[in-house]
Amino acid sequence: MAIGRRPGAYVCGTDAAMDVIGGKWKVVILWALSERPHRFGELRRELPGVTEKVLAAQLREMEADGIVHREAYDEVPPRVEYSLTAAGTSLNDALGPLGAWGRENVLGARAEGSAAAGEMREHDDVALISGRP
């Protein structure tokens, strides 16, 4: 399966990096694999909500991009482990400041907001009322 990258069309390095980590699950897969190598089933259990199909597709893309290594062992039953490559580790390190920003500005803001119960802020998630546009 060919990965639809845009070689030569990137505006900046951030644009290129976002093309590699784009996808709902790739960043959390990177986070999980930074802890230790995982088998497919372990990753699936660690990431509630991801389907087998989506996880397999995301791992294939990450392997094609050179950030995840897939090691298949010649055993019965078959065993496959996924781990980060050097490029995957450096990408994960680069995402560290982004995670710190999220903890400080999103998670921290939500914790502060819970103290002021009933207060609505501009960026709060609001559930839609059924039957309303």
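Caption draft 1: View of the overall build of the protein. The number of helices and strands found in the protein is five helices and three strands. Secondary structure of the protein in N-to-C order comes out as α-α-β-α-α-β-β-α. Burial statistics for the protein: of 133 residues in total, 22% are counted as buried. At a minimum sequence separation of 6, the contacts of the protein that also span at least 24 residues come to 42%.

Caption draft 2: How the structure looks around the layout of surface pockets. Of the pockets and cavities examined, the largest pocket occupies roughly 220 Å³. In terms of residue count, the dominant contributor to the lining of the largest pocket is helix 5 (residues 86–115) (six residues). For the lining of the largest pocket, the per-class residue count stands at five nonpolar, four polar and two charged.

Caption draft 3: Here's a closer look at the packing of helix 2 (residues 26–35) against helix 4 (residues 52–64). As a packed pair, helix 2 and helix 4 sit with axes 10 Å apart at the nearest point and diverge in direction by 75°. For the element pair helix 2 / helix 4, the angle class is roughly perpendicular. Packed against helix 2, whose contacting residues are K26, I29 and L30, the element helix 4 presents L55, Q58, L59, E61 and M62 at the interface. For the contact of helix 2 with helix 4, the per-class residue count stands at five nonpolar, one polar and two charged.

Caption draft 4: Quick peek at the pattern of salt bridges. Taken as a whole and assessed by the stated rule, the structure comprises five salt bridges. With its nearest N and O atoms 3.3 Å apart, the salt bridge here joins E52 to R44. The exposure class of E52 is partly exposed, given its relative accessible area of 48%. Looking at R44, the relative accessible area reads 33%, which means it is partly exposed. As a salt-bridge pair, R79 and E75 come within 3.1 Å of each other at their nearest N and O atoms.

Caption draft 5: Representation of helix 1 (residues 13–21) in the model. Those residues of helix 1 not exposed but buried are D19, V20 and I21. Of the residues flanking the end of helix 1, it is G23, one or two places downstream, whose phi is positive at about 130°.

Caption draft 6: Quick look at the environment of S83. The topology assignment puts S83 in strand 3 (residues 79–84). Measuring from C-alpha to C-alpha, the distance between S83 and L33 comes to 5.7 Å, with 50 residues separating the pair along the chain. Beyond its immediate sequence surroundings of up to four residues, S83 is in contact with L33, P37, I67, V68 and H69.

Caption draft 7: Up close: the sheet that holds strand 1 (residues 38–39). One open sheet accounts for three strands, arranged 1-3-2; its pairing is antiparallel. Among the strands making up the open sheet, the edge pair consists of strand 1 and strand 2 (68–73). In this structure, strand 1 lies alongside strand 3, joined through two bridges in antiparallel fashion. When the sheet's bridge partners are listed, R39 is paired in strand 3 with E81. Each of strand 1, strand 2 and strand 3 is contacted by helix 2, which is oriented at about 100° to strand 3, the strand it contacts most.

About the cut-offs
Residues numbered from 1 in each chain as written. Predicted model: local features only at pLDDT ≥ 70, side-chain atom pairs only at ≥ 80, totals over all residues. Heavy atoms only, no water. Helix = DSSP H or I, 4+ residues; strand = E, 2+ residues; numbered from the N terminus. Buried < 20%, exposed > 50% of the residue type's maximum accessible area, 1.4 Å probe, protein only. Contact = heavy atoms within 4.5 Å. 1 Å grid on protein atoms, 1.4 Å probe; cavity = no way out; pocket = protein on both sides within 12 Å on 5 of 7 lines; lining within 4 Å. Points joined across faces, edges and corners; volume = space filled by probe spheres on them. Nonpolar A, V, L, I, M, F, W, Y, C, P; charged D, E, K, R; others polar. Axes fitted to C-alpha atoms, helices over the stretch in contact; angles between N-to-C directions. Parallel < 35°, antiparallel > 145°, perpendicular 65-115°, else oblique. Salt bridge = Lys/Arg side-chain N within 4 Å of Asp/Glu carboxyl O. Pairing = 2+ DSSP bridges.

In short, geometric facts, not functional conclusions.
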